[in-house]
Amino acid sequence: LKGVTMPSERKDMTVLPDLSQAEGRVGPVRSRKPVYLDMLPPCNAGCPAGENIQEWLRLIKAGNAVAAWRQLVKDNPFPAIHGRVCYHPCETACNRGDLDSAVSIHSVERYLGDLALTNNWQFPKPRRRSGRRVMVVGAGPSGLSAAYHLTRLGHEVEVFDAGDLPGGMMRYGIPEYRLPRDVLDGEIARLVELGVVFRQNTPIKDLLGQQAEGNFDAVFVAVGAHISKRVDIPSTDASRVVDAVSFLRDVASGERPVIGRKVAVYGGGNTAMDAARVARRLGAEESVVVYRRTEQQMPAHEEEKEGAVAEGVKMNWLRTITSMDEADLTVEIMELDENGKAVGTGRYEKLAADTVILALGQRADTDFLHAIPGMSFHDDVVDVDPTTLMTAVPGIFAGGDAVPSDRTVTIGVGHGKKAAHRIDAWLNLEEYVARPKNPVVGLDQMNVWYFGDHARRQHEETAIAERMEDFGEIVSGLSDAEAEFEARRCLSCGNCFECDGCFGACPEDAVIKLGKGNRYRFDYELCTGCATCYEQCPVHAIEMIQEGLR
């Protein structure tokens, strides 16, 4: 709303002096009037993939799962994947979390994704063909997302990838108990049906040469962070020290490496947690995470750590490995200095371990880009314009793990979508202009009395002893009824859901119903500006503005 000052508090009417305490009929001269508006729900604002979460939840509530899935995949082509592996910052932002508990958005997303796989729902074909060709390097989440959006925009896309199969770290880094491979394959198969061409086992060494040979008009670089960072640990047997990325890749490829009875995982990130849990499934009686900082400083997500602990993984905080002997490790005890930095104490202890798995972080495999004149780097990642994601070389864009950002599947998918639209604009010699976003609505702006207290539906999980026997999926999905119930817990923050509250509350009959799905309008000939509609609206979909502003 141009020129409208939004109140910071739900009851704050100070933007309208002389009327802030008005009740009932205001008088013959109206100084303010109500307007309908759409605010930005915090879940939508918090989604790195840019999903319109509130809208697809609304469509589920309306009983139209197909339409809900089609709304979701406008932004994110992989709901069955994201419903399993995303760390759902949308739920952290969810206003309902301050009322009772956040809507389980990821579980409803998984429900839609699984339903689409079961029923073989396919993406709509592009309506036009542009005649332009785009080369995507890397078949991880960012590259696949870009390929999807570019194809839907009408461009011809070929994906070049070094792996045997597409998926990147989703296939070779995330264990099957979190992401079953039939789910991954089913989501990727839709891209093939859509028309995306995959060139597997094709690592790129000469990007400009490959671009010229394939007559590609633009390039999107989305290589993953597949190279493990290493540290030298003095050892009498180097074969007992392996890196986590190679370890997880081997297991994902069907191998079952011999790791012994006791395993130490060196690191504190999500990859360390995955490696420790996989080691347990391979028969390790003891799997210990060794981390040089405290639990509070650990970069792994809380649910990853909790899952590891539940499966018997032990945590050894404030420890760093100094050497490895035939049967054990020597670790130095650390402590925090006055600045919160972990420093050595000179005190040591022994830790039994047959194998050490290094999970100290990864770097992106961007070495092949260094030969391109003008390309700019920051350590292992490529410098890009944050608005366009284009590198210093015109026509070459980059995203996902290849650029400075947090490294998650959802952020990668968001980069892919963003890059696709910027590439499309660049190919059309246009400047991409993002739509302005509405203000985010907070729970304090809403009338929570309207909403009852309804407990969140919880996933069922496989028993600990049973899950240690294989790599079967741990978490089960929601039933139809559970998914609908969870969707109905959405508060529809900032967006009218046609509760008829304003229609029933207006003393002047100034609210006109426009039919289901079309909401309402105000008859300003009858409206007195009493604000009764505004005061009762559960979701802050009505604002009072000064007369003459709109």
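Whatever comes next refers back to the structure up there.
On a predicted model such as this, the values are computed, not experimentally measured, just so you know.

Glancing now at helix α6 (residues 105–119). Look at α6: 21 Å from first C-alpha to last across 15 residues, which is about the 21 Å you get at 1.5 Å a residue. Residues of α6 that are buried: Ile-105, His-106, Ser-107, Val-108, Glu-109, Arg-110, Tyr-111, Leu-112, Gly-113 and Ala-116. Positive backbone phi, approximately 55°, marks Asn-120, located one or two places after α6.

What follows concerns the side chain of Arg-171. Locating Arg-171 in the fold gives a position in helix α8 (residues 169–172). Those residues in contact with Arg-171 that sit more than four places away from it in its chain are Leu-165, Pro-166, Arg-181, Leu-184, Asp-185, Ile-188 and Ala-252.

Our next topic: the pattern of salt bridges. Opposite charge on two side chains permits pairing when their charged atoms draw close. Across all of its chains, the model carries 37 salt bridges by this definition. For Arg-199, the salt bridge goes to Glu-158, with nearest N and O atoms at 3.1 Å. Taken together, the residues span a long stretch of sequence, with Arg-199 in strand β4 (residues 197–199) and Glu-158 in strand β3 (residues 156–160) at a distance of 41 residues. Overall, Glu-158 belongs to the buried group, its relative accessible area being 9%. Salt-bridge contacts for Arg-171 lead to Asp-185; the nearest nitrogen and oxygen are separated by 2.6 Å. You can see Arg-171 sitting in helix α8 and its partner Asp-185 sitting in helix α9 (residues 181–194), a full 14 residues away along the chain. By relative accessible area, which is 6% here, Arg-171 ends up buried. With a relative accessible area of 36%, Asp-185 lands in the partly exposed category. One salt-bridge network, in which partners are shared between bridges, spans Arg-178, Asp-274, Arg-277, Arg-281, Glu-304, Glu-311, Glu-461 and Arg-467.

Before going further, it helps to spend a moment on the pairing of strand β21 (residues 542–546). Burial analysis of β21 places four of its five residues in the buried class, the great majority of the element. Direction of pairing for strand β1 (residues 32–36) relative to β21: antiparallel, over a ladder of five bridges. For Tyr-36, the partnering residue across the bridge sits in β21 and is Ile-542.

Our focus in this paragraph is unusual backbone geometry. One non-glycine residue, His-88, adopts positive backbone phi at about 35°. Positionally, His-88 belongs in the loop between α4 (79–85) and α5 (89–93). Residue His-88 is classed as buried on the basis of its relative accessible area, which comes to 12%. A positive phi angle, close to 55°, is found at Asn-120, a residue other than glycine. Of note, Asn-120 is situated in the loop between α6 and β2 (133–137). The exposure class assigned to Asn-120 is exposed, which follows from its relative accessible area of 55%.

Right, let's get into the environment of Leu-526. Within the secondary structure, Leu-526 sits in the loop between β20 (520–522) and α18 (532–536). Residue classification places Leu-526 among the partly exposed positions, given a relative accessible area of 39%. Separated by 284 residues in the primary sequence, Leu-526 and Val-242 have C-alpha atoms spaced 76 Å apart.

With that settled, consider the sheet that holds strand β18 (residues 396–398). Pairing between the strands of a sheet is mediated by backbone hydrogen bonds and can be parallel or antiparallel. With parallel pairing, five strands are arranged side by side in an open sheet as β4-β3-β2-β5-β18. Each of the sheet's edge strands pairs with one partner strand only, and the pair in question is β4 and β18. Sheet twist, expressed as the mean angle between neighbouring strand axes with direction ignored, is 20°. In this sheet, β4 lies alongside β3 in parallel orientation, the contact comprising three bridges. Paired with Val-159 across the strands is Phe-198, a residue of β4. Contacts from helix α7 (residues 141–152) reach β2, β3, β4 and β5 (218–221), with the element oriented near 165° to β3. Helix α10 (residues 207–214) rests against β2, β3, β5 and β18 of the sheet, and its axis sits at about 150° to β2.

Where helix α12 (residues 270–281) contacts helix α13 (residues 302–310), the axes come no closer than 9 Å and their chain directions differ by 20°. Taken together, the axis directions place α12 and α13 in an arrangement best described as roughly parallel. As for how α12 packs across α13, the hand of that crossing is left-handed. Here α12 contributes Asn-270, Met-273, Asp-274 and Arg-277 to the contact with α13, which in turn contributes Glu-304, Lys-305, Gly-307 and Ala-308.

Another aspect to go through is the pairing of β2. The element β2 is largely enclosed, with a buried count of five among its five residues. Burial along β2 is two-sided: Arg-133, Met-135 and Val-137 and Val-134 and Val-136, pointing in opposite directions, are all buried. As paired elements, β2 and β3 share five bridges and run parallel to each other. What sits directly across from Val-134, in β3, is Val-157. In terms of strand pairing, β2 meets β5 through four bridges, oriented parallel. Note on β5: the bridge partner recorded for Val-136 is Phe-220.

Its twelve residues place the ends of α7 17 Å apart at the C-alpha level, agreeing with the 16 Å of an ideal helix rising 1.5 Å per residue. Among the twelve residues of α7, eleven are classified as buried, and the element is accordingly described as predominantly covered. When α7 is considered as a whole, its buried residues turn out to be Pro-141, Ser-142, Gly-143, Leu-144, Ser-145, Ala-146, Ala-147, Tyr-148, His-149, Leu-150 and Thr-151. Backbone geometry just downstream of α7 places Gly-154 in the positive-phi region, at approximately 105°.

One open sheet holds the three strands; their spatial order is β11-β12-β13, and the pairing between them is antiparallel. Edge positions in the sheet fall to β11 (319–324) and β13 (342–352), since each has one partner strand and no second. Here the strands of the sheet are splayed against their neighbours by 30° on average, with no regard to which way each runs. Pairing between strand β12 (residues 328–336) and β13: eight bridges, direction antiparallel. The residue bridging Thr-330 from the neighbouring strand is Lys-350, located in β13.

Before going further, it helps to spend a moment on the packing of aromatic side chains. Within a pair of aromatic rings, the relevant descriptors are the distance that separates the centres and the angle that separates the planes. Applying the stated criterion to the full structure yields twelve aromatic pairs. Ring geometry for Phe-522 and Tyr-524: centres 6.0 Å apart, planes at 35°, overall tilted. The exposure class assigned to Phe-522 is buried, which follows from its relative accessible area of 9%. Counting every residue linked through ring pairs, the aromatic cluster contains Tyr-36, Tyr-520, Phe-522 and Tyr-524. Between the NZ or CZ atom of Arg-281 and the centre of the ring of Tyr-177, over which it lies, the distance is 3.9 Å.

About the criteria used
Position numbers for residues start from 1 in each chain and track the written sequence from start to end. Only residues with pLDDT of 70 or above have their local features reported here, since the model is predicted, and side-chain atom pairs are shown and tallied only from 80 upward, although totals for entire chains, interfaces and linings are computed over all residues. Remark: hydrogens and water are excluded; side-chain values derive from all non-hydrogen atoms of the structure. A run of H or I in DSSP counts as a helix once it spans at least four residues, and a run of E counts as a strand once it spans at least two, with each numbered from the N terminus. Here the expected length of a helix is defined as 1.5 Å per residue gap, with one fewer gap than residues. Burial status follows relative accessibility: with a 1.4 Å probe on protein chains alone, a residue under 20% of its type maximum counts as buried, one over 50% as exposed, and anything between as partly exposed. Any pair of residues with heavy atoms lying within 4.5 Å of one another is described as a contacting pair. A pairing counts as a salt bridge when a side-chain nitrogen of Lys or Arg comes within 4 Å of a carboxyl oxygen of Asp or Glu. Strand pairing requires that DSSP identify at least two bridges connecting the strands. Axis lines are fitted through C-alpha atoms, for helices just across the contact stretch, and the angle between N-to-C directions can take any value from 0 to 180 degrees. Small angles under 35 degrees read as roughly parallel and large ones over 145 as roughly antiparallel, with 65 to 115 read as roughly perpendicular and the rest as oblique. Here is the rule for handedness: rotate from the far helix to the near one, and if that takes an anticlockwise turn smaller than a right angle the crossing is left-handed, while a clockwise turn gives right-handed. Each pair of aromatic rings taken from Phe, Tyr and Trp, with Trp reduced to its six-membered ring, is defined by centres within 6.5 Å and is described as stacked if the planes are under 30 degrees apart, edge-to-face if over 60, and tilted in the remaining cases. Consider the ring centre and the ring normal. A charge sits over the ring if Lys NZ or Arg CZ is within 6 Å of that centre and within 35 degrees of that normal.

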